[in-house]
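Single-letter residue listing:
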Amino acid sequence: MNNNTSVFGTASRLLLAVILVAASTNAPCLAADEAKLTAEELQEGWLQFFDGTSTLGWKITGDAKVKDHTLILGGEKETTATPDLLLPTIKHLVQLKMSWTGKKPPTVETADGNISEFMVNSTKDDVNVFGWGNPAKSGNKVVVPVSLKIPAGTTVRLHYLRLNINSDFTSLFNGKDLTGWKLFPGDKYKSQYTVTKEGYLNVKDGPGDLQTATKHDNFLLHLECISNGKHLNSGIFFRCLPDVYQQGYEMQIRNEWMGDDRTKPVDFGTGAIYRRQPASQVVSTDGEWFHATLYANKNHLRTWVNGIPVVSWHDDRAADVNARKGYCAGAGHISIQGHDPTTDLSFRNLRIVDLK
């Protein structure tokens, strides 16, 4: 912290791969096992749309509830469910796992008007994985999210819906030196930013600020971070005012929660938009590398930690050039915060894609 058309367009032919799998019976207290991504899946660039516990980040009309770490959609009413995210410039792969009961199957509606029925014609509670062919191989670009259309009288049990974002990124850190970054000047700023022998960007001591030379407004940022101490404090600032110390939005980094309840973050929690929207749960743990993803598109800000969505927030304040005072749409620097003398965090694989 600081002392701060709705569905995806595909190729003309959708490639639907249908794989029958068994439903998981495990039910952890936070994100279900199926919402948690493996280390390999995180490296591959997967993000979840369903956190296993809530409808965070969804636009739903009709009937919806969460039970046993499953998003249950539909019933007596016609229901539409759409993840609240638009990525018009990113090539990706989408997968979902669901089951349904009823006489009419759910459908997926796409931006170009295509409607595809799920390849299940059964009243049994079959569970299926659907994978759309990777457009990166054919040169097509895709807009997410998918929109699930569920007829009245049909019920869908959604176990997961995930998106692969691993394309079109530009690296912000070369792992060798601080080329492309600049230190905020001033004798009172004590942070030391160095590159370790492993190729990590390390920040110690504070306060301090390391800013990108480039400016960004609408973007998707992905990075890995480790806190080398207990409950250390840092953050990623963005849309920052030039030549002013940390005047922008902040994605908080602090792996602390109240008691044994990770749904009660201390000081907003890792992935929060600090002072604006707390993280729904603290996913990351001190001493362990974690993945953080930040989506900023106009006034819509979303974050994921280890692929689990923790914030979906629209800044509805009056417009202002300073995000501390109101909704800021302008391009600004991205920066890494050195918070205080206890600060000791490392970063790697910092990369960004601008949303046109």
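Let us look at the structure shown here. Residue positions are counted from 1 within each chain, in the order its sequence is given. The predicted origin of the model limits local features to residues at a pLDDT of at least 70 and limits the giving and counting of side-chain atom pairs to 80 or more, whereas totals for whole chains, interfaces and linings rest on all residues. Calculated side-chain values reflect all of the structure's heavy atoms, with hydrogen atoms and water omitted.

**Quick notes on the nonpolar core**
This is how the line gets drawn: In these notes, a set of buried Ala, Val, Leu, Ile, Met, Phe, Trp, Tyr and Cys residues joined through side-chain atoms within 4.5 Å is what counts as a nonpolar core. Only protein chains enter the calculation, and the probe is 1.4 Å; a residue is then buried if its accessible area is under 20% of its type maximum, exposed if over 50%, and partly exposed in between. Whether two residues touch is decided by their heavy atoms; if any such pair falls within 4.5 Å, the residues are in contact.
Ranked by size, the top nonpolar core spans 41 residues in total, and within it L221, I236, F238, Y249, I336 and F347 carry the most contacts. Ignoring any residue separated from it by four or fewer positions in sequence, one finds F238 in contact with F219, G248, Y249, E250, M251, I273, L294, A296, L301, H333 and I334. Among the nonpolar cores identified, the runner-up in size contains 27 residues, and L71, L96, M98 and L163 belong to it.

**So, unusual backbone geometry**
Heads up, the rule is: Numbering goes from the N terminus for both helices and strands, where a helix is a DSSP run of H or I of at least four residues and a strand is a run of E of at least two.
At the junction of G206 and P207, the peptide bond is cis and its omega measures out at 5 degrees in the coordinates. Residue placement: P207 occurs in the loop between β16 (201-204) and β17 (208-212). Within the chain, F268 stands out as a residue other than glycine whose phi angle is a positive 80 degrees. Mapped onto the fold, F268 is located in the loop between β22 (261-265) and β23 (290-297). Residues other than glycine seldom take positive phi values, yet N349 does so here, at roughly 55 degrees.

**Section: the sheet that holds strand β14 (residues 181-183)**
Worth spelling out the cut-off: Note on pairing: two strands pair once DSSP finds at least 2 bridges between them. Here an angle of 0 to 180 degrees is reported between the N-to-C directions of two axes, which are lines fitted to C-alpha atoms, with helices fitted over the stretch in contact.
Read from one edge to the other, the open sheet built from five strands follows the order β14-β17-β26-β19-β20, with strand pairing classed as antiparallel. What marks the edges here is a single partner per strand, and that holds for β14 and β20 (249-253). When the angles between neighbouring strand axes are averaged without regard to direction, this sheet yields 25 degrees.

**Quick look at the pairing of strand β6 (residues 79-83)**
For β6, the tally of buried residues reaches five of five residues, placing the bulk of the element in the interior. Covered by surrounding structure in β6 are T79, A81 and P83 together with T80 and T82, the residues of both alternating faces. Examined bridge by bridge, strand β3 (residues 58-61) and β6 share four bridges and lie antiparallel to one another. Residue W58 lies in a different strand from β6, and its bridge partner there is P83. Taken together, the three bridges between β6 and strand β11 (residues 147-150) define a ladder with antiparallel strand orientation. Among the inter-strand pairings, T79 is bridged to a residue of β11, identified as I150.

**What about the packing of aromatic side chains?**
How we decide: The rule is short: rings of Phe, Tyr and Trp, with Trp giving its six-membered ring, pair when the centres are within 6.5 Å, and they are stacked under 30 degrees, edge-to-face over 60, tilted in between.
Applying the stated criterion across every chain, the model contains seven aromatic pairs. When the centroid spacing of 5.0 Å and the interplanar angle of 65 degrees are considered together, the rings of F268 and Y274 count as edge-to-face. Since its relative accessible area comes to 25%, F268 is described here as partly exposed. Assessed through its relative accessible area of 7%, Y274 is described here as buried.

**A closer look at the environment of V156**
Counting through the fold element by element, V156 comes out in strand β12 (residues 155-164). Measuring from C-alpha to C-alpha, the distance between V156 and T79 comes to 9.8 Å, with 77 residues separating the pair along the chain. Not counting residues up to four positions away in its chain, the partners in contact with V156 are L71, I72, L73, M98, S99, W100, P106 and I150.

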